[in-house]
Each structure stands twice: as C-alpha cells, then as structure tokens.
Amino acid sequence: MNAAVDPKPMSRATAILYAVGLPLVLVALVVVPAGRIGWGPGWIFVAVLVAAFGLSALLLARVNPMIYRARSRFQPGTKTWDLILLAVMLPALVLEIPIATLDAGRMGWSDVPLWLVVVGYLLFVGSVAVTTWAQAVNPFFEPGVRIQQERAQRVITSGPYRFVRHPGYVAAIAMFIAIPLALASWWALLPAALAIVLLVLRTRLEDRLLQAELSGYADYAGRTRYRLMPGIW
C-alpha cells in the first residue's frame, strides 16, 4: 500500500484571493441584480451564508485541518467526465443567486410565502451542517472525483456515511433548493433543477468508479444500501 501523501496545498496568494475575493463576489451577486444596496433580504442572506460557512471553517480547523489542503484545488487524476459535469453544475449553482435577487429584489416575479423562506434558511443551515460533518470524518473529501492512490484512500464508514454513501451530495441537493427559497424566488429553482440533475448523474458515476476501483467500497455499498436518500434511493 502506498504511503499517505498530503495533497498539494493552496498557495498563500490564492488563499488571500479567496478570503478577500469570495465575499466581495457574493455581495456583488446579491446587490447588483437587486439594483439597490439597501435590500434587506439580500443582506440577511449574506449574513447567514457567511456565518454558517465561517462556523463550519472554525470547526473543521479544529477537527480536520487537512481538509483545506484536500479541497484547495482539483488534484491531478480528477476524472475528465467530472470536470465536464462541474463546468456546467457550478455555474448553475452560482446563477441561482443573481436570478433570485433579480427576481425578489427588483422584478417581483415570485410570491414565495414567508414560511417557505424560513424553510429555505433551515435547509441551508442544515446542508452546511451535514457537509461539515462529512468533511470532519472524511480526509478524502476532495472537490473532484478520483481514486486517491497516493494518499492510500480508504472507505469511510463513520459519521453520516453510516446512513448514506454520499452525504455531501445530499447536503448539496438541499443547498441547491435552499438558496432560491431563502431568497424568495421560484425562478431560481430552474438552475437549481439543472444542478441537481447533474449532481445525481455525478453520484451514479462516482459510485460506479468507487465500487470498481476502491478496495472495500463494494462491501460497504452492500451494507449501506442507499446513495442519497435513506430508505428511498
């Protein structure tokens, strides 16, 4: 068995760019389509997002700090089909925010009841919590699909992996739905639907790869029957 090797880390310049640039991009995605800097629901969304991911980062820094290296970039060996899927799925996810803020903040196309907005925020916070839980127990939680032979990748069966084989994808689907609801936009569910379809396809392809090439995964899949939804799928 190969000795475990840390993934190539993010450079200092890139880390600074992420720390400064991503919040600014988020604010722009909310404020510019809404057409007004003082749109309250948009700032509530930004505050919840920053708080949720900030708390997640603090927790992971304590329990699994190596996850930042694992997720800092797409590592060599990432499957081509995965990069193609992500090239469509990630922009679809990002598009949810400006479409929602254009709708709810400027055009007023949608009439989403307040209770569904609350559900959206609960889904969002829950999705961040599940993702954090999965990352806390899985040091191989990378952004791209590959077999991490240089890190002696093994099957993870603890934490949320006791219930479904791909808890991170369960959380992602919840987040795709949560963003349009939290921002009170029906129209933003359209790119969300596209992202979900692609993510389900990605789950199927990744699961097939793991069963074929990762030692012990086929046995784990036999014990943990469901990929995404316990008792359903």
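Structure: see above.
In what follows, the accompanying structure is described. All of these numbers come straight from a predicted model, not from anything done at the bench.

### Some thoughts on the packing of aromatic side chains
Next up, step 1: All told, the structure shown has 5 aromatic pairs when counted by the stated rule.
Next up, step 2: Ring geometry for W109 versus W187: centroids 6.3 Å apart, planes at 70°, classification edge-to-face. You can see W109 sitting in the loop between α4 (80-107) and α5 (114-137) and its partner W187 sitting in the loop between α6 (167-182) and α7 (189-213), a full 78 residues away along the chain.
Next up, step 3: Consider the rings of Y217 and Y220, whose centres lie 5.5 Å apart with planes at 65°: the pair is edge-to-face. With Y217 and Y220 both in helix α8 (residues 217-223) and 3 residues apart, the pair spans about one turn of that helix. Neither Y217 nor Y220 differs from the other in exposure class; each is buried.
Next up, step 4: One aromatic cluster is present, formed by F45, F53 and F124 through successive ring pairs.

### Description of the packing of α4 against α6
Next up, step 1: Interhelical geometry of α4 versus α6 gives an angle of 25° and a closest axis separation of 8 Å. Compared by their axis directions, α4 and α6 come out roughly parallel. Once α4 is placed against α6, the crossing between them reads as left-handed. Packed against α4, whose contacting residues are M89, L93, E96 and I97, the element α6 presents M175, F176, I179 and P180 at the interface.

### Brief notes about the packing of α5 against α6
Next up, step 1: Viewed as axis vectors pointing N to C, α5 and α6 meet at an angle of 155°, and their least axial separation amounts to 8 Å. In terms of orientation, α5 lies roughly antiparallel with respect to α6. Pair α5 / α6 crosses with left-handed handedness. Residues L116, V117, G120, Y121, L123, F124, S127, V128, V130, T131 and A134 of α5 pack against P167, G168, A171, A174, M175, I177, A178, I179, L181 and A182 of α6.

### Some details on unusual backbone geometry
Working note: non-glycine residues mostly have negative phi, and peptide bonds are mostly trans.
Next up, step 1: The phi dihedral of A152 is positive, around 55°, even though this residue is not glycine.
Next up, step 2: Inspection of the secondary structure assignment puts A152 in the loop between α5 and α6.
Next up, step 3: One non-glycine residue, A184, lies in positive phi territory at about 65°.
Next up, step 4: As for its placement among the helices and strands, A184 is situated in the loop between α6 and α7.

### Side note on the environment of L189
Next up, step 1: Mapped onto the elements, L189 comes out in helix α7.
Next up, step 2: On the basis of relative accessibility, which here comes to 26%, the residue L189 falls in the partly exposed class.
Next up, step 3: Note: C-alpha distance between L189 and E96 (93 residues apart in sequence) is 7.3 Å.
Next up, step 4: In this structure L189 touches I177 and P180, once residues within four positions along its chain are discounted.

### What about the nonpolar core?
What tends to happen in soluble globular proteins is that the nonpolar side chains get buried as a cluster.
Next up, step 1: Counting residues in each nonpolar core, the largest one holds 31 residues, and the members touching the most others are M89, Y161, F176, L199, L214 and Y217.
Next up, step 2: Contributions of two or more residues to this core are made by α3 (67-70), α4, α6, α7 and α8.
Next up, step 3: Per-element accounting of this core gives the leading share, 7 residues, to α7.
Next up, step 4: Dropping the residues within four chain positions of it, L199 is found in contact with M89, Y169, A172, I173 and F176.
Next up, step 5: Counting 22 residues, the second-largest nonpolar core is a separate cluster that includes L26, F45, F124 and A178.

### A word on α4
Next up, step 1: A rise of 1.5 Å per residue sets the reference length of α4, with its 28 residues, at 40 Å; its end C-alpha atoms lie 39 Å apart and thus fit the reference within 8%.
Next up, step 2: At L86, α4 is bent by approximately 30°, the largest bend along its length.
Next up, step 3: Among all positions of α4, only D82, L85, L86, M89, A92, E96, I97, P98, A100, T101, D103 and G105 are buried.
Next up, step 4: Just past α4, the residue G108 takes up positive phi, approximately 70°.

About the cut-offs
Residues numbered from 1 in each chain as written. Predicted model: local features only at pLDDT ≥ 70, side-chain atom pairs only at ≥ 80, totals over all residues. Heavy atoms only, no water. Phe/Tyr/Trp six-rings, centres within 6.5 Å; stacked < 30°, edge-to-face > 60°. Helix = DSSP H or I, 4+ residues; strand = E, 2+ residues; numbered from the N terminus. Buried < 20%, exposed > 50% of the residue type's maximum accessible area, 1.4 Å probe, protein only. Axes fitted to C-alpha atoms, helices over the stretch in contact; angles between N-to-C directions. Parallel < 35°, antiparallel > 145°, perpendicular 65-115°, else oblique. Left-handed = near helix turned anticlockwise from the far one by under 90°. Contact = heavy atoms within 4.5 Å. Core = buried A, V, L, I, M, F, W, Y, C linked by side-chain atoms within 4.5 Å. Expected span 1.5 Å × (residues − 1). Bend = angle between axes of the 7 residues up to and from the residue.

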